[in-house]
Structures are given as C-alpha cells and as structure tokens.
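Structural characterization, general
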Amino acid sequence: MNRGKLVASLFIAAAPALLVFSQVGAASAGNTRGGPQAQSDAPTVQSLAGAMEQFRWGQSHLDVARVMNQTGGVFDVDYNAQLARMQPGVAMQSVEAERDQKKKFFESSWVQFNDTPTGFDNTHIKGEFTYRNHESVMYVDRGGKRRYFFFIGTSPGERLWKIYDDIPLKQGGLLGASFQEAVTKLNVQYSVPARIRAANASQGVAHTEADWQDGSSHLRADDLGDGNVAVILEERNTLNNLAQLRANKEVDPLAMDPSIAAITRSGGVSDPNAARARDGGAAQRH
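Just so we're clear, the structure is a prediction, and the values are computed from it rather than from any experiment.

Some remarks on the packing of helix 3 (residues 74–84) against helix 4 (residues 90–107)
Contact pair helix 3 / helix 4: the axes reach a minimum separation of 11 Å and the direction vectors enclose 170 degrees. Compared by their axis directions, helix 3 and helix 4 come out roughly antiparallel. Across the interface between the two elements, Phe75, Asp76, Tyr79, Gln82 and Leu83 from helix 3 touch Met92, Val95, Glu96, Glu98, Arg99, Lys102, Lys103 and Phe106 from helix 4. A per-class count over the contact of helix 3 with helix 4 returns six nonpolar, one polar and six charged.

Encoded structure:
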C-alpha cells in the first residue's frame, strides 16, 4: 500500500469512532526528531499521564530500577497472580527465581552512550539517542513488548525523558495486526484523532507517524515497516531543547579529517605520480 492510500485508510478506519481526523500533515516530510516542530502541531489530549504508569519524568535510572524491582513493584505485580495459585515447593521457588532473575537483568541493563558504539545501533531505537551527550538507556521485555527507558544528563543526575515501547503487530496483539489498527485504538483511547504525517526514520527511510500531546508530554506512534509499531512518550521540555542538550554532533567515520582536508584544498599535499602525469601531458600538447 503506498503512503497516500495508507493515510486515506487511516481516515476511514478512525471514522466510526471519531468521525474525522484533525489536521493531517502527511504531505510534510522531514526529520521529526528534536526541536519544537516535532510536536508543535500535534492535537492536544486531556492527559497522557496514564501512559506513564508508575514512572515520572526526571527519575534517575536507579529510581526506575527501584519502581520495577522493589517489593510490590512492577515485577512483583506481574508474578503475584501466578504465585498466589501455587503451593510452596520446588515449582514456586522456580517461578520466584525467574522473577528475581528478571529484576537482576533489568538493573544491569543500563547502558550509557559514550564514545563506544553499542549494539543498539542495529535496532529500532537507532536515531532515538546520540553518543557523547550524556544519554543512556535501560530496557525490559514484558507484557508482549520491549520497553526502553531513555535518560539524559550526567550520572548520577540523569533524568528519564522518554519511554519507548516496541510492539509487534499481530492479530489479537496489544495494538492489533496493522499500523492502521494501532492508530485507531489509540484514537479511541485518547478520544482525539491523531495527526498523521510522513516522517524520516533514523535510517532515512520514510515512514508514517501519528502523534498527540498534552501539557507536558508528546506521544507518537511510528510505523516501523517490519511488522512492529513503536509507541514513544517524550517529555516536551526536553524534546524542545534537544538541539542544545545534544551539543556533540554525530561524526561520520568515513569523513576526511578536517586538517587533512584543509591541506588538500590549499595544495600543500599532492600525488607525485599524478603530478608527473600532468606535466607529461602538458609537454606533449606543446
């Protein structure tokens, strides 16, 4: 399905629940990462606080780990119903060990994006972070999706500013079997039709994006194009200041060193073989 048909189908799919979409910017292409333009025209909903669950903007990675791992925390709640049906014994101990192992893994999942490339460069979240700008991430697989917690700031003062859910699209899944179904479900959930627009993925491949906002947060749903959808909640204040916060820009490893490029432009370095060939050609012309 081409992009025009996809956007049109999203109008039709949302119509039964919400009659019509609000302003649609599908014709406006461009990178939506960073800066006020990323969310300035998104339709406003009453609140996106429910998407935060137990988390709050500004929490450190240790705060987030505590919410997940503490007694009565997220992992405990995930396992309580199963454990309540079990009798003490080997089987219960095995389930408790599985839960505790997940807690340990999550606590150790914190990765800082310093100078060294990471395996995240080959995942869906490439483009959601930069190196050498005091950014970091934690992640967990639970509830049928992978969730990433993004932080910015110098440790131990790093601040949670983005929560990214990578969700498989499938029949009976969390958001349905297609991006169209996902947007329709989110429209119903927030009672406000999304803005739909074309955007550039981190790899430069055009994709479709839907977004909403409230007073403090921006929510976007990205069609990842491979059977997954990303639902990303971002703190607007940080989003609006990313250009300043990301002072160190990405370096192209194939780019010529500036000092060498300057010498080359000035004629200070030349290829002797090329010079002889050039001089020989000039002599033959005379």
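Quick look at the environment of Ser109
The topology assignment puts Ser109 in the loop between helix 4 and strand 1 (111–113). Residue classification places Ser109 among the buried positions, given a relative accessible area of 4%. The spacing of Ser109 and Met138 is 29 residues in sequence and 5.2 Å in space, taken between C-alpha atoms. Here Phe106 takes part through its backbone oxygen, which lies 2.7 Å from a polar atom of the side chain of Ser109.

Considering unusual backbone geometry
Following Ser155, the chain continues to Pro156 via a peptide bond in cis, the omega torsion being 10 degrees. Within the secondary structure layout, Pro156 lies in the loop between strand 3 (145–152) and strand 4 (159–168). Positive phi is not limited to glycine here, since His134 has a value of about 60 degrees. Within the fold, His134 resides in the loop between strand 1 and strand 2 (135–142). For Ser191, which is not a glycine, the phi torsion comes out positive at approximately 60 degrees. The topology assignment puts Ser191 in the loop between helix 5 (179–190) and strand 5 (195–200). The exposed category is assigned to Ser191, whose relative accessible area is 54%.

Some remarks on the pattern of salt bridges
Per the counting criterion, the structure on display carries 18 salt bridges. Among the ionic pairs, Asp222 bridges to Arg220, the shortest N-O distance being 2.9 Å. Through salt bridges with shared partners, a single network forms among Glu128, Lys162, Arg220, Asp222 and Glu234.

How each quantity is defined
- Residues numbered from 1 in each chain as written.
- Predicted model: local features only at pLDDT ≥ 70, side-chain atom pairs only at ≥ 80, totals over all residues.
- Heavy atoms only, no water.
- Axes fitted to C-alpha atoms, helices over the stretch in contact; angles between N-to-C directions.
- Helix = DSSP H or I, 4+ residues; strand = E, 2+ residues; numbered from the N terminus.
- Parallel < 35°, antiparallel > 145°, perpendicular 65-115°, else oblique.
- Contact = heavy atoms within 4.5 Å.
- Nonpolar A, V, L, I, M, F, W, Y, C, P; charged D, E, K, R; others polar.
- Buried < 20%, exposed > 50% of the residue type's maximum accessible area, 1.4 Å probe, protein only.
- Polar contact = N/O pair within 3.5 Å; in protein donor to acceptor, adjacent residues only side chain to side chain.
- Salt bridge = Lys/Arg side-chain N within 4 Å of Asp/Glu carboxyl O.

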